[in-house]
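The lines below spell out each chain.
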Amino acid sequence: MLLRLVKEAVLAKRGDEIHALVGGCFLVTKEGHISEFSLRMRGGAFERSYGGFTRDQDILASFAKVGRMSEIEGPTQRLDYRQNPANEQFEHLHNEVIWTEHSSLFNEMKSAFPASVSAFRDHATAKVTIADFAERREVTVTARDERELLWTLSCDELDGRMKLHTGKRFNETGIVQTVADSFTPGRQVTVSGETLYIGPGSTNVLSNIDSHLAMAAEEHLFPSDTMTP
């Protein structure tokens with residue numbers, strides 16, 4: 001019997017501690033359970049390398065910089081990091097990565113787009129999808145119909161920056177400039193053709209984008225006489 005390495009994706013909860021040590025990174029839960037982890041996908045044995053890898057410590061520093069976690073002085077109790085039992089349960093025909101739950105950014109993005117999702121739900125050829133790209137630390141929300149891409153919004157988990165890109169037909173509604181003009185002065189917003197780049201934001205920013213996307217779709221792309229019952 002040959003056993004492959006199984007990678008299990010887990011979500012750190014509020015109050016959990018992450019200890020970045022010389023020997024590796026460890027997740028310490030509020031209940032005191034300790035498990036070793038990595039924040040990046042390691043390449044296979046024959047995968048080419050085109051440069052240095054981002055260290056787990058660098059990713060943690062990026063999270064702290066955008067406020068997704070805060071630094072602590074050290075563990076509050078003596079810990080035995082060797083209590084890291086191997087996973088003895090293997091699912092039949094398991095995937096190499098077992099996704100046990102989505103990232104917190106995925107859940108935040110999913111809950112922030114009720115209006116735009118509703119605007120597309122009743123149109124037979126249009127749909128909105130959301131994807132969690134853990135390897136890239138990115139979540140992307142995409143809307144398209146049977147003919148073309150309408151818009152896609154991606155958010156980088158490391159620095160909180162967002163990019164709204166529109167398809168040609170949807171861009172003709174002027175949605176990119178409309179969304180850009182809706183932000184309060186001082187926020188980093190850059191328009192480049194069919195793409196809008198937005199500085200680090202919050203759920204309020206996502207809700208603002210959601211309402212404008214829904215309004216543009218209902219007014220310009222899917223007028224009431226073409227909506228399916």
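Residues numbered from 1 in each chain as written. Predicted model: local features only at pLDDT ≥ 70, side-chain atom pairs only at ≥ 80, totals over all residues. Heavy atoms only, no water.

## Observations regarding the environment of Val 179
Looking at where Val 179 falls in the secondary structure, it is placed in helix α5 (residues 175-182). A residue is classified by how much of its surface remains accessible, and Val 179, at 0% relative accessible area, is buried. Along the chain, Val 179 and Ile 209 lie 30 residues apart, while their C-alpha atoms are 6.5 Å from each other. With near-sequence residues (within four places) excluded, Val 179 lies in contact with Leu 164, Leu 196, Ile 209 and His 212. (Helix = DSSP H or I, 4+ residues; strand = E, 2+ residues; numbered from the N terminus. Buried < 20%, exposed > 50% of the residue type's maximum accessible area, 1.4 Å probe, protein only. Contact = heavy atoms within 4.5 Å.)

## Brief notes about the side chain of Ser 116
Tracing the backbone shows Ser 116 in helix α3 (residues 114-121). In terms of polar contacts, Ser 116 uses its side chain to reach the side chain of Asp 210, at 2.6 Å. Once you skip the residues sitting within four places of it in the chain, Ser 116 turns out to touch Val 128, Trp 151, Asp 210, Leu 213 and Ala 214. (Polar contact = N/O pair within 3.5 Å; in protein donor to acceptor, adjacent residues only side chain to side chain.)

## A few points about the side chain of Asp 210
Relative to the elements of secondary structure, Asp 210 occurs in helix α6 (residues 203-221). Contacts of Asp 210, omitting those with residues within four sequence positions, involve Ala 112, Phe 113, Pro 114, Ala 115 and Ser 116.

## Quick notes on the sheet that holds strand β4 (residues 34-37)
In space, the 3 strands of this open sheet follow the order β2-β3-β4, with antiparallel pairing throughout. The sheet terminates laterally at β2 (17-21) and β4, the two strands that pair on one side only. Each strand of the sheet is rotated relative to its neighbour by a mean of 30 degrees, with strand direction disregarded. Most of the contacts of helix α1 (residues 56-65) go to β2, to which it runs at about 140 degrees, and overall it touches β2, β3 (24-28) and β4. (Pairing = 2+ DSSP bridges. Axes fitted to C-alpha atoms, helices over the stretch in contact; angles between N-to-C directions.)

## Notes on the confidence of the model for the protein
Low-pLDDT stretches of the model should not have their predicted coordinates read in fine detail. Per-chain confidence: the protein averages 77 in pLDDT, with 74% of residues scoring 70 or above. When the criterion is pLDDT under 50, residues 85-94 qualifies, and its contacts beyond four places in sequence or with other chains add up to 6 contacts. This model gives residues 225-229 a pLDDT under 50, and the stretch forms 8 contacts once residues within four places in sequence are excluded. (pLDDT = per-residue confidence, 0-100.)

## Quick look at the pairing of strand β10 (residues 189-192)
Where β10 meets strand β11 (residues 195-198), 4 bridges bridge the pair, whose relative direction is antiparallel. By the bridge assignment, Ser 192 is partnered in β11 with Thr 195. As consecutive antiparallel partners, β10 and β11 are separated by 2 residues, and within that stretch Gly 193 has a phi angle of approximately 65 degrees, a positive value.

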